[in-house]
Amino acid sequence: MRLSKENIKKGGIGGIFRNSHGCWILGYYKSAIAYTPTYVLKTGLQLASDKKIVNVEIETDATDIFCLLENDTCSICFNLVFECRSLLKKLQNPLIRHNFREGNKVAHFLATQGSKQLGSSQLFVLEQPPNALLKAIHDDKIGCTKSRTVSTTIFSKLVEIGILL
């Protein structure tokens, strides 16, 4: 099961769970006035735990998450980091991989939907994908690639935290 990267967009978060073949399991989004990458990760992990989704792999575009989970012991996000670590352990320490934002238009679309729900703290869970996402889901499923230019600074950061070897 793959929790394709959770995405943050102007006050909204979103994510998608897919099976090993890339097919939609469920998607989610919600408004998030104040958020951090750890809040976004916790939302997806909590949903996976609540729905008893197993064999999770996580893709995220938030490089800070790797450093926070590995080293954070005193930041203002400590409680969220602790909750994420606990949920990760409960989910049998799933693999977390980096994926550039362009790598998942589906999560980006869902985060946009979340940003439109300002004033609501409800988590919207979608058992079926919206029609507007069917092409993007298909493209992701068959492995359509997107090219991206990455600065040497970003590339070095990804190597430094062990994302690129």
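Residues numbered from 1 in each chain as written. Predicted model: local features only at pLDDT ≥ 70, side-chain atom pairs only at ≥ 80, totals over all residues. Heavy atoms only, no water.

(A) Broad picture of the confidence of the model for the chain. Averaged over all residues, the pLDDT of the chain equals 81, while 82% of them reach at least 70. The element-level mean pLDDT for the chain is lowest in strand β1 (residues 2–9), coming to 48, with strand β6 (residues 124–126) highest at 96. (pLDDT = per-residue confidence, 0-100. Helix = DSSP H or I, 4+ residues; strand = E, 2+ residues; numbered from the N terminus.)

(B) Quick look at the pairing of strand β3 (residues 24–31). Along β3, seven of the eight residues are buried, which leaves the element largely enclosed by surrounding structure. Across seven bridges, strand β2 (residues 12–18) lies against β3 in antiparallel orientation. By the bridge assignment, R18 is partnered in β3 with W24. Counted along the chain from β2 to the antiparallel partner β3, the turn is five residues long, and its residue G22 has a positive phi close to 85°. (Buried < 20%, exposed > 50% of the residue type's maximum accessible area, 1.4 Å probe, protein only. Pairing = 2+ DSSP bridges.)

(C) Molecular detail of the packing of aromatic side chains. Considering all chains together, one arrives at three aromatic pairs under this definition. Aromatic side chains Y29 and F124 sit 5.1 Å apart centroid to centroid with 15° between the ring planes, which places their arrangement in the stacked category. Of this pair, Y29 sits in strand β3 while F124 is found in strand β6, placing the two residues 95 residues apart along the sequence. (Phe/Tyr/Trp six-rings, centres within 6.5 Å; stacked < 30°, edge-to-face > 60°.)

(D) Region of the structure containing the environment of K90. Within the secondary structure layout, K90 lies in helix α3 (residues 78–90). A C-alpha to C-alpha distance of 10.0 Å links K90 and Q46, two positions 44 residues apart in sequence.

(E) Spotlight on the pattern of salt bridges. One pass over the structure, following the stated rule, counts five salt bridges. Taking the shortest distance from any N to any O, the salt bridge between K42 and E83 comes out at 3.6 Å. Taken as a pair, K42 in helix α1 (residues 37–50) and E83 in helix α3 lie far apart in primary sequence, 41 residues in all. In this structure, D139 engages K135 in a salt bridge whose closest nitrogen and oxygen atoms are separated by 2.8 Å. In this pair, D139 and K135 both sit in helix α5 (residues 134–141), four residues apart, roughly one turn of the helix. Take D139: its relative accessible area is 16%, and that puts it in the buried class. (Salt bridge = Lys/Arg side-chain N within 4 Å of Asp/Glu carboxyl O.)

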